[in-house]
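# Notes for the structure review
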Amino acid sequence: MNTPVPINIERMEHIKRIEFDRPRVNIPGSTIAGSTLSVDHAWAKVFTEPNPAERIELKARIKRLLKEQNAVLVAHYYVHPDLQDLAEETGGCVSDSLEMARFGSNHPAQTVVVCGVRFMGETAKILNPEKRVLMPELEAECSLDLGCPPDEFAAFCDAHPDRIVVVYANTSAAVKARADWMVTSSIGLKIVAHLHAQGKKIIWAPDRHLGGYIQTQTGADMLLWQGSCLVHDEFKTAELIELRKQHPNAKLLVHPEAPASIVALADVVGSTTQIIKAAQTLDATEFIVATDKGIFHKMKSAAPGKNFIEAPTAGNSATCKSCAQCPWMAMNGLANLALVLENGKNEIQVDPLVGLRAKQSIQRMLDFAQGLNLTQGQTQIPIITQAPGTSEHGIGPA
């Protein structure tokens, strides 16, 4: 019998301090939610990468534990390539946040292990309340989630009782529970347009860039919570224009959580899934990508032989904060995944009443999609290419 390679799970290099946008609630009658912005701080652990021998032993251990515990592994496109590969090798899935949760719901496994950030684990639990949902790191946060505290958001909603509350998937269970609708990017456009056609006024949270994009596309009356994704908010317009001059034949693929000035330059605006599909289907061989660089692993396997370039996140004489990589996604690793399977800790808990209310907001979206004949795997608006300076859409789940 082989002796396992000893691994120090707590082998951290350091703790990284992270700045993120912290919206503040305005008085009733304000035209923009949380228009007073301040900078708040959180933190993320930075772990040392396992060496080659440790990686081999950890992968074998995780595969064995998943099988023994009747567990399935689901991973987001932004996590470490080792975790993405492991999910697919063991019959799990690599996808966007909502598809991760739906996959766990449809899979017969009684334990769902979510490699991503906390709201993804909560969404999986909301849709699978009878299953055990584990995460390698419960402290893997999201700046959109952190920037939309449930109590403050509820107070803002209460101050505008005449408005329908629509929230993006990147929110806590408690915020989803306060909402009338939870949406992903593509169905968000259709749902907001539907509500607008009914004369409804809307509160949107938490991402101001995505909300502004949908508002521009639909013309809806929307109060925008002023949160942002710390990765997408960092992309720099002037530097991107210069990069495009250096790569004139490259197509620019942009996630709609990026600022409007970045979206306006895009050839394709899309979710993670749509960005990958664009790389596969467009005839270009070179792409500039404005989203978390964790997606490059899947893009390279989906579109072999094509070249992918990071969109710039630092200006002249400036340093980047995220450098196109979510620091909380990076907290997921082989070592803490193995540990959570061994000790059963880091189980996601959602208050049953909160979960039930949150599920109602998600179910409204799913029912609406079903009414449009947008079944699982078909919830994407077809990719729409655009000339730089226009603002067409082709976006799907985050």
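This report concerns the structure included in the present document. Quick caveat, the model's predicted, so the values are computed rather than measured.

What follows covers the packing of aromatic side chains. If you walk through the whole model with that rule in mind, you get six aromatic pairs. When the centroid spacing of 6.0 Å and the interplanar angle of 75 degrees are considered together, the rings of Phe156 and Trp225 count as edge-to-face. Of this pair, Phe156 sits in helix α6 (residues 150-158) while Trp225 sits in the loop between β10 (222-224) and α10 (237-246), placing them 69 residues apart in sequence. With respect to burial, Phe156 and Trp225 carry one shared label: buried. Ring centres of Phe287 and Phe308 lie 5.7 Å apart, and the angle between their planes is 20 degrees; on these two criteria the pair is classed as stacked. With Phe287 in strand β13 (residues 286-290) and Phe308 in strand β14 (residues 307-310), the pair connects residues that are 21 residues apart, well separated along the chain. Overall, Phe308 belongs to the buried group, its relative accessible area being 9%. Cluster of aromatic residues (ring-pair linked, three or more members): Phe153, Phe156 and Trp225.

What follows deals with the pattern of salt bridges. Overall, the coordinates contain 21 salt bridges when judged by the stated rule. Note that Lys45 and Glu139 form a salt bridge whose closest N and O atoms lie 3.4 Å from each other. Note that Lys45 is positioned in strand β2 (residues 36-47) and Glu139 in the loop between β6 (132-134) and α5 (143-146), a separation of 94 residues in sequence. Looking at Lys45, the relative accessible area reads 17%, which means it is buried. Of the charged contacts, one joins Asp158 and Arg178 as a salt bridge, the two residues approaching to 2.8 Å between their closest N and O atoms. Taken together, the residues span a long stretch of sequence, with Asp158 in helix α6 and Arg178 in helix α7 (residues 173-178) at a distance of 20 residues.

The omega torsion of the bond from Ala205 to Pro206 falls at -5 degrees, within 30 degrees of zero and hence cis. Although it is not a glycine, Asn70 adopts a positive phi angle of roughly 50 degrees. Among the secondary structure elements, Asn70 is positioned in the loop between α1 (52-68) and β3 (71-76). Here Ala324, not a glycine, exhibits a phi torsion of approximately 60 degrees, which is positive. For Ala324, the location among the structural elements is in the loop between β14 and α14 (334-343). On the accessibility criterion, Ala324 (1% relative accessible area) is buried.

Cut-offs and rules
Residues numbered from 1 in each chain as written. Predicted model: local features only at pLDDT ≥ 70, side-chain atom pairs only at ≥ 80, totals over all residues. Heavy atoms only, no water. Phe/Tyr/Trp six-rings, centres within 6.5 Å; stacked < 30°, edge-to-face > 60°. Helix = DSSP H or I, 4+ residues; strand = E, 2+ residues; numbered from the N terminus. Buried < 20%, exposed > 50% of the residue type's maximum accessible area, 1.4 Å probe, protein only. Salt bridge = Lys/Arg side-chain N within 4 Å of Asp/Glu carboxyl O.

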